[in-house]
Each structure stands twice: as C-alpha cells, then as structure tokens.
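Read off the chains here:
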Amino acid sequence: MNQYIEKLNHYLSEHPVVLEESAGEDILDLLWNFYSEEHSVENSQIRDQFAILAEVWNTLSEQESDRMFSVTCSLCSQCQQLAFREGFKVGLHLFALQ
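Here the structure is a predicted model, which means the values were calculated and not measured.

> How would you explain the overall build of the chain if you had to name every residue and give the values?
Of regular secondary structure, the chain possesses four helices and zero strands. Traced from its N-terminal end to its C-terminal end, the chain shows the element sequence α-α-α-α. The 98 residues of the chain split such that 13% are buried. Residue pairs at least 24 apart in sequence account for 60% of intrachain contacts in the chain once pairs closer than 6 positions are excluded.

See the structure below:
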C-alpha cells in the first residue's frame with residue numbers, strides 16, 4: 001500500500017474524522033503534511049531565488065527582514081500546498097475516467 005495512504009489510515013484510526021462538509025479538505029491537508037515531510041521542494045533554483053531576495057532583505061532592518069522572510073516562506077508554503085491539492089484533485093478525476 002502507498003506509504004502516504006498507510007500514514008493516513010494510521011492517523012485516522014487514532015484520530016477519527018467527524019465527517020463535515022470540510023472533511024475532504026482536512027484529509028487533503030493531512031496527505032499534504034505526510035507528503036511534504038518526505039519530499040523537500042527545495043532545489044537549486046529556489047536557493048538561487050532566495051539568495052536574490054537575501055540581497056534585498058539585507059538592506060532592511062533585522063525586524064523588517066525577518067518579517068519579509070516569514071511572509072515569503074508562508075507564501076511559498078501556501079503555493080506548494082495549493083499545487084499539491086489541485087494536482088491530487090486532477091489525479092482523482094483522471095483515475096475516475098479510467
């Protein structure tokens with residue numbers, strides 16, 4: 001069985017989900033968390049872009065630089081999660097067509 005589904009099954013056996021309208025979104029969030037723990041999205045392009053941003057952050061005060069770094073990382077994380085969720089949905093639709 002796929003390792004992410006195994007983790008999801010284990011988690012759900014210990015933390016039963018109360019099925020509400022948002023239950024599907026909650027499960028996608030859990031799958032994203034399991035997936036992101038195992039697969040770093042950092043690569044040389046991302047490191048290069050952060051290096052460019054660091055040049056700008058270095059012109060700011062420490063407080064402003066920390067804030068910009070935090071906002072940038074949060075934005076990146078949200079984009080990654082959204083891409084994962086949308087990719088998962090597309091995969092489900094393609095699977096259903098088989």
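Now, onward.
> Can you tell me about the pattern of salt bridges, naming the residues and giving the values?
Close approach of charged atoms lets side chains of opposite charge pair. Inspection of the entire model under this criterion finds three salt bridges. Glutamate 42 serves as the salt-bridge partner of arginine 47, at 3.2 Å between the closest nitrogen and oxygen. Residue classification places arginine 47 among the partly exposed residues on the basis of a relative accessible area of 45%.

> Any details on helix α3 (residues 44–57)? Residues and values, ideally.
For α3, which comprises 14 residues, the first-to-last C-alpha distance of 19 Å matches the rise-based estimate of 20 Å (1.5 Å per residue) to within 8%. For α3, the N-terminal capping position is held by asparagine 43, with its side-chain oxygen 3.0 Å away from the main-chain nitrogen of glutamine 45.

> Now, about the packing of aromatic side chains: what can you tell me, with residues and values included?
With the rule as written, the count across this model stands at six aromatic pairs. Summarising the aromatic geometry, the rings of phenylalanine 50 and phenylalanine 69 are spaced 6.1 Å apart at their centres and angled 65° between planes, so their arrangement reads as edge-to-face. With phenylalanine 50 in helix α3 and phenylalanine 69 in helix α4 (residues 62–97), this residue pair connects regions lying 19 residues apart in the sequence. What links up through ring pairs into an aromatic cluster is the set Trp32, Tyr35, Phe84 and Phe88.

> Can you lay out the confidence of the model for the chain for me, pointing to particular residues and giving the numbers?
Summarising the model, the chain shows a mean pLDDT of 84, and 89% of its residues fall at 70 or more. Within the chain, the lowest mean pLDDT, 77, falls on helix α1 (residues 3–14), and the highest, 94, falls on α3.

> Any chance you could break down the nonpolar core for me, citing the residues and the numbers?
Formed by Tyr4, Leu8, Leu30, Leu31, Trp32, Phe34 and Phe84, the largest nonpolar core amounts to seven residues. When contributions to this core are tallied by element, the ones reaching two or more residues are α1 and α2 (23–38). The element best represented in this core is α2, accounting for four residues. With residues up to four places along the chain from it excluded, the contact list for phenylalanine 84 reads Leu28, Leu31, Trp32 and Tyr35.

> If you had to explain the packing of α3 against α4 to someone new, which residues and values would you point to?
The axes of two packed helices give the description: the angle between them and the distance between them. It is at 10 Å that the axes of α3 and α4 come closest, and there the two elements cross at 150°. What the angle tells us is that α3 and α4 run roughly antiparallel. The hand of the α3/α4 crossing is right-handed. Listed contacts from α4 to Phe50, Leu53 and Trp57 of α3 are Ser65, Met68, Phe69, Thr72, Cys73 and Cys76. Here the contact of α3 with α4 is built from residues that sort into seven nonpolar, two polar and no charged.

How each quantity is defined
- Residues numbered from 1 in each chain as written.
- Predicted model: local features only at pLDDT ≥ 70, side-chain atom pairs only at ≥ 80, totals over all residues.
- Heavy atoms only, no water.
- Helix = DSSP H or I, 4+ residues; strand = E, 2+ residues; numbered from the N terminus.
- Buried < 20%, exposed > 50% of the residue type's maximum accessible area, 1.4 Å probe, protein only.
- Contact = heavy atoms within 4.5 Å.
- Salt bridge = Lys/Arg side-chain N within 4 Å of Asp/Glu carboxyl O.
- Expected span 1.5 Å × (residues − 1).
- Polar contact = N/O pair within 3.5 Å; in protein donor to acceptor, adjacent residues only side chain to side chain.
- Phe/Tyr/Trp six-rings, centres within 6.5 Å; stacked < 30°, edge-to-face > 60°.
- pLDDT = per-residue confidence, 0-100.
- Core = buried A, V, L, I, M, F, W, Y, C linked by side-chain atoms within 4.5 Å.
- Axes fitted to C-alpha atoms, helices over the stretch in contact; angles between N-to-C directions.
- Parallel < 35°, antiparallel > 145°, perpendicular 65-115°, else oblique.
- Left-handed = near helix turned anticlockwise from the far one by under 90°.
- Nonpolar A, V, L, I, M, F, W, Y, C, P; charged D, E, K, R; others polar.

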